[in-house]
Amino acid sequence: MRPVFEISAIFPVDRQRGFTLVEMIVSIVIAGFLVSMVAMFGRGQIEAYLDVGNRAQLADEADTAWRRIGRDLQSALPNSVRQNGDFLEFVPIRDAGRYRADVDSTGAGDFLDFSSTTDNSFAVLGPGVTVAAGDQLVIFNLGQTGSDVYAGTSRRAISTAAGSNLSSLQYTLGAFGQFSLASPQNRFQIVGGPVTYQCNVAAGTLLRHSGYAFAAIQPTAFGAGATSAVLANDVSACSFSYLPAVLQRNGMVAVRLALTRNGETVELLHQIDVLNTP
């Protein structure tokens, strides 16, 4: 008689069970509840992190903008700063020195004779100066009639070839002839062209204009040859104010700048001391 084997012994039956549909739905509901709880408590931290990042970035951009303005204004030609609404204009100094005002003990030396209508050169006292092509010479700019860099009465074109460490300068007398006023300290400045900062809140930008010509009346529009660079974006508020005389001959420029991005706003007020002693 042959032995009888049970089928279950040859083919063991897997008695493990999977999830039922009800159990799966319950698990999904519980997991969704846990995820929503984690998201609820973590959302605030994520938003706070993003807000801090936005504020830090805006503060850095605003700080960079007013530092650039402050650096420019601290090298501005005395009495050249002027403000008209959203426009702040000034003339940067590229180099400066002292001119010879008299002959030396031996009777020699190319001195600048303000009483002469033909004298158009002088020797530079002390270290030589650097002149670039197109630079102009300014002596004793007062920012008023008869001595105004914008009108040209305190400014002359330099005819000496461009170079560095120059020990003498020659200039073109032009329509205004000789300089009308001598500097009490025998100072002169070498300048390029004027520069204008513009608050354009409508476009959300702070602009820096350069490369345009001198004008007696402060310009609010700039020609095709001018260079306009964006100093800051996301500008929601911006204003300039200028007091020409605060302490003796020093002026004060106040810059208000507010930047807004993703609901975050950073506002800065910066006051810049301007030296107006020519």
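Residues numbered from 1 in each chain as written. Predicted model: local features only at pLDDT ≥ 70, side-chain atom pairs only at ≥ 80, totals over all residues. Heavy atoms only, no water.

1. Comments concerning the overall build of the chain
Right, on to step 1. Per the secondary structure count, the chain includes 2 helices and 16 strands.
Right, on to step 2. Per-residue burial for the chain yields a buried fraction of 38% across its 278 residues.
Right, on to step 3. Pairs at least 24 apart in sequence give 61% of the contacts found in the chain among residues at least 6 apart.
Right, on to step 4. Entry remark: accessible area of the chain is about 16100 Å², with carbon and sulfur atoms responsible for 57%. (Helix = DSSP H or I, 4+ residues; strand = E, 2+ residues; numbered from the N terminus. Buried < 20%, exposed > 50% of the residue type's maximum accessible area, 1.4 Å probe, protein only. Contact = heavy atoms within 4.5 Å. Areas by Shrake-Rupley, 256 points an atom, 1.4 Å probe, with all protein chains shown as cover.)

2. Some words on the sheet that holds strand E7 (residues 155–157)
Right, on to step 1. Spatially, E7-E6-E10-E3-E4-E9 is the arrangement adopted by the 6 strands of the open sheet, whose pairing is antiparallel. Strands at the two margins of the open sheet, each flanked by one partner only, are E7 and strand E9 (168–170). Shown here is a sheet whose adjacent strand axes are inclined to one another by a mean of 40°, direction ignored.
Right, on to step 2. Summarising the sheet, strand E4 (residues 121–125) and E9 pair through 3 bridges and their orientation is antiparallel. Bridge pairing links Ala-123 to Ser-168 in E9. (Pairing = 2+ DSSP bridges. Axes fitted to C-alpha atoms, helices over the stretch in contact; angles between N-to-C directions.)

3. Here's the deal with the sheet that holds strand E11 (residues 195–200)
Right, on to step 1. Here we have 5 strands laid out as an open sheet, ordered E1-E2-E11-E12-E13, and antiparallel in their pairing. Because the sheet does not close on itself, it has two edges, and the strands there are strand E1 (82–84) and strand E13 (227–232). The sheet shows a mean angle of 20° between the axes of neighbouring strands, taken without regard to direction.
Right, on to step 2. Across 5 bridges, the pairing between strand E12 (residues 205–210) and E13 is antiparallel. When the bridges of E13 are listed, Arg-208 appears paired with Ala-229.

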